[in-house]
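# Observations on the three-dimensional arrangement
The lines below spell out each chain.
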Amino acid sequence: MRRIVQLAIMILFVGSSIYGWKILDGNYSTADVLGVFHLSDPYSVLQILASGFIPASSVLIGAIIITLFYFVLRGRMFCSWVCPLNFITDSAEWIREKLHIQPLIKSKDVNRNMRYYVLLMGLILSAIFGFAAFDVINPISMLHRAIIFGSLSGLFVVLFIFFFDLFILKHGWCGHICPVGAFYSFVGKWGILKVFHKHENCTDCMKCKLVCPEVQVLDIIGLKTDNIKMGACTNCGACIDVCNDDALEFKITIK
Amino acid sequence: MNKEDHAMATRREAVKNVVKGVGYFSLGGLAWGGFIKESKSVDFVLRPPGAIQEKDFVKACIKCGLCVNACPYDTLDLATIQSSTVTGTPFFKAREVPCYMCLDVPCLPPCPSGALDVNLLKNDSEEMDINKAKMGLAVINKETCVAFWGIQCDACYRACPLIDDAIIVKTKRNERTGKHAYLIPEVSADSCTGCGLCEHACITELPAIKVFPRSMVMGKEGSHYIKGWDADDEKRLNDIKKVEKYSEDNSGAIDYLNNSDDLFTDD
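Residues numbered from 1 in each chain as written. Chains lettered and ligands numbered in written order. Predicted model: local features only at pLDDT ≥ 70, side-chain atom pairs only at ≥ 80, totals over all residues. Heavy atoms only, no water.

A few words now on the overall build of chain A. Within chain A one finds 13 helices and six strands. For chain A, buried positions account for 55% of its 255 residues. Within chain A, contacts between residues at least 6 apart in sequence are counted, and of these 70% link residues at least 24 apart. Working note: accessible area of chain A is about 11500 Å², and carbon and sulfur atoms make up 71% of it. (Helix = DSSP H or I, 4+ residues; strand = E, 2+ residues; numbered from the N terminus. Buried < 20%, exposed > 50% of the residue type's maximum accessible area, 1.4 Å probe, protein only. Contact = heavy atoms within 4.5 Å. Areas by Shrake-Rupley, 256 points an atom, 1.4 Å probe, with all protein chains shown as cover.)

Counting its secondary structure elements, chain B contains nine helices and six strands. Expressed as a percentage of its 267 residues, the buried residues of chain B come to 36%. For chain B, the proportion of contacts with a sequence separation of at least 24, taken over those separated by at least 6, is 63%. For chain B, the accessible surface area stands at approximately 17400 Å², while carbon and sulfur atoms represent 54% of it.

On to unusual backbone geometry. Residues and elements named next belong to chain B. A positive phi is found at Met101, a non-glycine position, where the angle reads about 60°. Turning to its location among the elements, Met101 is positioned in the loop between strand E2 (90-91) and strand E3 (137-140). Taking relative accessible area as the criterion, Met101 reaches 7% and is therefore assigned buried. One non-glycine residue, Val105, lies in positive phi territory at about 40°. If you trace the backbone, Val105 turns up in the loop between E2 and E3.

Residue and element names in this part refer to chain A. An ideal rise of 1.5 Å per residue puts 21 Å on 15 residues; helix H5 (residues 85-99) measures up with 21 Å between its terminal C-alpha atoms. Burial in H5 covers these residues: Leu85, Asn86, Ile88, Thr89, Ala92, Glu93 and Arg96. Viewed along the axis of H5, the buried residues span an arc of 165°, placing them on a single side of the element. Away from its buried face by more than 90 degrees, H5 exposes Trp94 and Lys98. Directly beyond the C-terminal end of H5, a positive phi value near 55° is found at His100. (Expected span 1.5 Å × (residues − 1). Arc of directions from axis to C-beta.)

Take the sheet that holds strand E4 (residues 193-197) of chain A next. Residue and element names in this part refer to chain A. Reading across the sheet, the three strands line up as E5-E4-E6 and stay open at both edges, with antiparallel pairing between neighbours. Every other strand in the sheet has two partners, leaving strand E5 (226-227) and strand E6 (248-252) as the edge strands with one partner each. Pairing between E4 and E6: five bridges, direction antiparallel. If you follow Leu193 over to E6, its bridge partner there is Ile252. (Pairing = 2+ DSSP bridges.)

The subject of this paragraph is the packing of helix H6 (residues 114-129) of chain A against helix H11 (residues 179-187) of chain A. When two helices pack together, you describe them by how their axes are tilted relative to each other and by the distance separating the axes. Residues and elements named next belong to chain A. The interhelical angle for the contact between H6 and H11, taken along N-to-C directions, is 105°, at an axis separation of 8 Å. Taken together, the axis directions place H6 and H11 in an arrangement best described as roughly perpendicular. Across the interface between the two elements, Arg115, Tyr116, Val118 and Leu119 from H6 touch Pro179, Ala182, Phe183, Ser185 and Phe186 from H11. Taken together, the residues of the contact of H6 with H11 sort by class into seven nonpolar, one polar and one charged. (Axes fitted to C-alpha atoms, helices over the stretch in contact; angles between N-to-C directions. Parallel < 35°, antiparallel > 145°, perpendicular 65-115°, else oblique. Nonpolar A, V, L, I, M, F, W, Y, C, P; charged D, E, K, R; others polar.)

Another aspect to go through is H6(A). Residue pairs spaced three or four apart in an α-helix point in one direction, given the helix's 3.6 residues per turn. Residues and elements named next belong to chain A. With 16 residues, H6 extends 22 Å between its outermost C-alpha atoms, agreeing within 8% with the 22 Å of an ideal straight helix rising 1.5 Å per residue. Those residues of H6 lying buried are Arg115, Val118, Leu119, Met121, Gly122, Leu125, Ser126 and Phe129. Each buried residue of H6 lies within a common arc of 170° when the element is viewed along its axis, so the set occupies one face.

Residue and element names in this part refer to chain B. Within the largest apolar cluster, 42 residues are counted, with the highest numbers of intra-cluster contacts made by Leu76, Phe92, Met135, Ile167, Cys198 and Ile209. Residues lining this core come from more than one domain, with at least three contributed by each of domain 1 (40-132) and domain 2 (136-216). Ignoring anything within four residues of it in the chain, the contact list for Cys198 reads Ala138, Cys156, Ala159, Ile167, Ile209 and Val211. (Core = buried A, V, L, I, M, F, W, Y, C linked by side-chain atoms within 4.5 Å. Domains from an automatic or database assignment.)

Further remarks concern the side chain of Asn235(A). All names here are of chain A. Mapped onto the elements of the fold, Asn235 is located in the loop between E5 and helix H13 (238-242). Relative accessible area serves as the criterion here: at 1%, Asn235 is assigned to the buried category. Polar side-chain contacts of Asn235 include one of 2.9 Å to the backbone oxygen of Leu193. (Polar contact = N/O pair within 3.5 Å; in protein donor to acceptor, adjacent residues only side chain to side chain.)

All names here are of chain A. Structurally, Arg76 is set in the loop between helix H3 (57-72) and helix H4 (77-82). A relative accessible area of 2% means that Arg76 is categorised as buried. Each C-alpha atom, one on Arg76 and one on Lys189, is 8.9 Å from the other, the two residues being 113 residues apart in sequence. Once residues lying within four places of it in the same chain are set aside, the contact partners of Arg76 are Arg115, Cys174, Gly181, Tyr184, Ser185, Glu214, Gly231, Ala232, Cys233 and Thr234.

This paragraph deals with the environment of Ala51(B). Residues and elements named next belong to chain B. By the element assignment, Ala51 lies in the loop between helix H1 (3-40) and helix H2 (54-60). Residues Ala51 and Asp117, spaced 66 residues apart in sequence, show a C-alpha to C-alpha distance of 6.2 Å. With residues near it in sequence (within four places) discarded, Ala51 still touches Phe57, Ala115, Leu116 and Leu120.

Residues and elements named next belong to chain B. Tallied over the entire structure, the rule returns one aromatic pair over all chains. Here the aromatic rings of Tyr73 and Tyr100 are separated by 4.5 Å at their centres, their planes lie at 35°, and the arrangement is tilted. Of this pair, Tyr73 sits in the loop between helix H3 (66-70) and strand E1 (77-78) while Tyr100 sits in the loop between E2 and E3, placing them 27 residues apart in sequence. (Phe/Tyr/Trp six-rings, centres within 6.5 Å; stacked < 30°, edge-to-face > 60°.)

Coordinates in, geometry out; function isn't part of it.
Encoded structure:
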């Protein structure tokens, strides 16, 4: 299901560039929806503000819409339901599991809070250098450009992330570095759509922990009945798919 | 290890971790900053019509590519990491695909961020006018332009959408042959939009006429030069505040010379 959403958004973007569709025009930084209003990546807009420029209202409003949307829903749903780079890192994950590749660095050895520092640093550097610092190396937009314009250099960066995730650090990019995901973790902490764990059904098989890209969020598995509360949860649903005991499900909740 | 030692050890551990964290943070920052600086050491690029000042443009542009999508000639492109400007910002290479100066300027209105400003293209009747664009300025290299050799070529002049305005051809007697004329192209900075159609049309192997960002080639005369023969320019004199450098009243100075009292003391 989330693959369909991801693909659909990408196809709409590609269609807008090549065939001139007007449903969703632009890219993952800012998109023009039906020519009526804009959606903007709030982290990009934050960088612009940090660099000392007040962008036009359509971008500001677009960023607010997106922020509110993910605030209400669940921030990191962007990561697993929209972000195109998720294809790349998930396929790295898939291949690694199939080939039993041991990455160089263990996921737990690297602090997952690193991304928050990357986020902060991006803003500081934007202020120092006077332009959006992360957007210069943003692999999300590079991937998008690689698809549409076939730019090789962008593809190299994306490939680098693929191999980085495959061989060097498990869930390296999305789980440790990406400041966009970090931003959405903040925003989406209180989202209403959450994974719900029924402790009484759980058999402690731990399959969910094996598939989860952000294992730390599953800290309550087998311990108590509750929602998965941490903002880092991407609502990808992998744990729900893999659970044979009916102990996990999506739930709309404000808790 | 007694309890106090243990506390000291964990405290030391904590301090060490903090230092380590700060170290990593600054290391990462330096590496990233270095990369950014590299990417900012801009060669030069031409921006879409209506682009605000380059310094602000790289701040404002959100790299959405809406202008690129809107361009019917595929003139515009988003910079990649190899390009000579900030990754993701739109630019064009005039020699490859110049700006064809669409009358409705389709690339400008979609811009959501304010990096392209409609007001910069407004003419006197408040309408969007592509001829107001200032994307760059064409510069002629007279050593490689064959027209300066006396060979007849007016490719740039014919290609110019503002023919006889932005590019004019001046004639000059060719002393070498004694019977021909040079047809010399000349660019007017006031009218040139920087569309690059001339650079695209230029017949030499590398173009002898090239478009550069205006900030790179334009000089500035400074406000203290006034064209005395130009009535409009002369009016600027009226706005100047007169500097009262010398006081009209010179009695003080005269008194000082005539009044010798101070020279003598009472005793």
